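# A closer look at the structure
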Amino acid sequence: MMNERVYNFAAGPAVLPLPVLKKAQEELLCLPGAGASILEISHRSKTFDAIINGAQENIRKLYNIPENYKILLMQGGALTHFAMVPMNILRNSGKKADYIVTGTWSKKASGEAKTQGEVNVVWDGKAESNFTRDPLPSEYKIDADAKYVYFTSNETIEGVQWPAEPESNGLPLVCDSSSDVFSRPVDINRYGVLFACAQKNAGPAGVTMIIIRDDLLECSGDDLPTMFNYKKQAAGNSMVNTPPCFAIYMLKLVTEWLLNDIGGLEAMKKLNEEKAAILYEVIDASDGFYKGHAAKEYRSMMNVPFRLPSEELDNKFKAEAQEVGLSTLGGHRSVGGLRASIYNAMPKAGVEKLAAFMEDFRKKNA
Ligand SMILES: *Cc1c(COP(=O)(O)O)cnc(C)c1O
């Protein structure tokens, strides 16, 4: 039985910062001031109010979010919001939405959006590049009359990340930032909606963040069921019904760690760039033994997929890595190969250990 912590390269749910886990452990039986566990207290209590408001304040600080945006903390995972965004914003607008499809998740999002309204796929990365890069502004055309421009900032499965926000001709961006939320600063003023599930880079499964501009909240139709209505969710401060209390508590601890221990998102970005560079250097210097997926300028700082010369070697690598405490390096079931997810909470030492293992494995098996 394994009872020591490994370096966990899982894509999600994924590694959490050790100080956050320790704090949660410390407070699990008795939340200071509450006389009970976070798992046991009412979401209508003053204690929980301070927790949800604290989490929202931290998110506001990290992303420098102005007053004309609301921060919702809801259930359903990112996939629910693939449908809820168009359900609230697109369905009654009489307009189309432009989707830039750069990988598995944006493709899925465009499909879900089609259940709610008219979708225009302005760039199909599967056809253009087998999901190895994002488009140049000259390669796609935004409809001046579109309701929004949708993109996935980091494609978790293919390891393709936008170096900066796409061109959108002044239209509001809608972004699925599930696997790179809080990994770097963003210019939130360009966004109409930024949403992210927590379990990749911000906390445990169970809560999804939706940062949404006030004017877009006005689009939610009164005919929508309450739980699917962003405007009503915002009016109820995400507590129309019982929210995922524990996941929100963890999100508060993670955002506190980002602010206080890391020192904000510029510092986080620098660390993430350093970590990613270590792995990509090993891949680039391997004489083709390790093959990455994404084109250089679009390589993800969060998910590093790679392949060895054969499936047999992929499997051998995975097994031997696991034995030395480098865990969960399998690629997504849809694409195979290997994938190292190196989110915010992955320590640099974990990446260095993986890099050393990769060099050693290549020398023995090339
Ligand atoms: C994991 C992931 C999702 C799906 O998240 P769920 O919370 O499981 O619905 C969506 N988008 C991206 C970019 C992801 O990485």
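Residues numbered from 1 in each chain as written. Predicted model: local features only at pLDDT ≥ 70, side-chain atom pairs only at ≥ 80, totals over all residues. Heavy atoms only, no water.

## Thoughts on the overall build of the protein
This is how the line gets drawn: Helix and strand assignments come from DSSP, with helices taken as H or I runs of at least 4 residues and strands as E runs of at least 2, each series counted from the N terminus. Only C-alpha atoms enter the radius of gyration, while the globule expectation follows 2.2 Å times N to the 0.38, with N the number of residues. Think of it in three bands: with a 1.4 Å probe and only protein chains considered, a residue is buried below 20% of the maximum accessible area for its type, exposed above 50%, and partly exposed in between. Two residues form a contact once any of their heavy atoms are found within 4.5 Å. Only the protein chains shown count as covering a residue, and every accessible area follows the Shrake-Rupley method with a 1.4 Å probe. Charge counting follows a simple rule: Lys and Arg are positive, Asp and Glu are negative, and His as well as the terminal groups are ignored. Working definition for charges: the position is that of NZ of Lys, CZ of Arg, CG of Asp or CD of Glu.
Within the protein, the regular secondary structure consists of eleven helices and 14 strands. Relative to the globule expectation of 21 Å for 366 residues, the C-alpha radius of gyration of the protein, 21 Å, shows essentially globular dimensions. Taken over 366 residues, the protein has a buried fraction of 55%. Counting only contacts in the protein whose residues sit at least 6 apart along the sequence, the fraction spanning at least 24 positions is 68%. Total accessible area on the protein is roughly 15900 Å²; 50% of this is exposed by carbon and sulfur atoms. Here the protein contributes 41 positively and 45 negatively charged side chains, and the mean placements of these two sets differ by 1 Å.

## A word on the site of the ligand
Put simply, the rule is: Residue proximity to a molecule or strand is established when one non-hydrogen atom of the residue lies within 4 Å of it. The definition of a polar contact used here is a pair of N or O atoms within 3.5 Å, where within protein one atom must be able to donate a hydrogen and the other to accept one, and adjacent residues in sequence count solely through side-chain atom pairs.
As a matter of local geometry, the ligand sits amid 14 residues, with Leu79, Thr156, Asp176, Gln199 and Lys200 nearest to it. One of the side-chain N or O atoms of threonine 156 is found 2.4 Å from an oxygen atom in the ligand. Within the side chain of glutamine 199, an N or O atom sits 2.9 Å from an oxygen atom of the ligand. Protein chains shield 86% of the accessible area of the ligand, which is 390 Å² for the free molecule. Among the elements that line the shell around the ligand, the one with the most residues is helix H3 (residues 77–89), at four residues.

## Here we look at the packing of aromatic side chains
Aromatic rings considered in pairs are described by the distance between their centres and by the relative angle of their planes. As a reminder, the rule being used: Two rings from Phe, Tyr or Trp (for Trp, the six-membered ring) form a pair when their centres are within 6.5 Å of each other. A pair whose planes differ by under 30 degrees is stacked, one over 60 is edge-to-face, and the rest are tilted.
This model, assessed by the stated rule, comprises 17 aromatic pairs. Aromatic side chains tyrosine 63 and phenylalanine 182 sit 5.3 Å apart centroid to centroid with 45° between the ring planes, which places their arrangement in the tilted category. Here tyrosine 63, found in helix H2 (residues 46–63), pairs with phenylalanine 182, found in the loop between strand E8 (173–176) and strand E9 (191–197); they are 119 residues apart in sequence, far enough to count as distant. Residue phenylalanine 182 is classed as buried on the basis of its relative accessible area of 0%. Consider the rings of phenylalanine 246 and tyrosine 249, whose centres lie 6.0 Å apart with planes at 35°: the pair is tilted. Here the residue phenylalanine 246 and the residue tyrosine 249 both occupy positions in helix H8 (residues 245–262), the gap between them amounting to three residues, near one helical turn. With relative accessibility at 29%, the residue phenylalanine 246 sits in the partly exposed group. The buried category is assigned to tyrosine 249, whose relative accessible area is 4%. The rings of Phe82, Tyr99, Trp105, Tyr148, Tyr150 and Phe195 are connected pair by pair, giving a single aromatic cluster.

## Brief notes about helix H11 (residues 348–365)
Put simply, the rule reads: Between the first and last residue of a helix there are one fewer steps than residues, each counted as 1.5 Å, and that sum is the expected span. Arc, as used here, means the arc of the directions from the helix axis to the C-beta atoms.
Its 18 residues place the ends of H11 26 Å apart at the C-alpha level, agreeing with the 26 Å of an ideal helix rising 1.5 Å per residue. Three or more residues of H11 are buried, namely Gly350, Val351, Leu354, Ala355, Phe357, Met358, Phe361 and Asn365. Seen along its axis, H11 keeps its buried residues to an arc of 165°; they face one direction. Across H11 from its buried face, at more than 90 degrees, point the exposed residues Lys363 and Lys364. Contacts from the buried residues of H11 go to strand E1 (7–8), helix H9 (265–284), strand E12 (303–307), helix H10 (311–323), strand E13 (326–327) and strand E14 (338–341).

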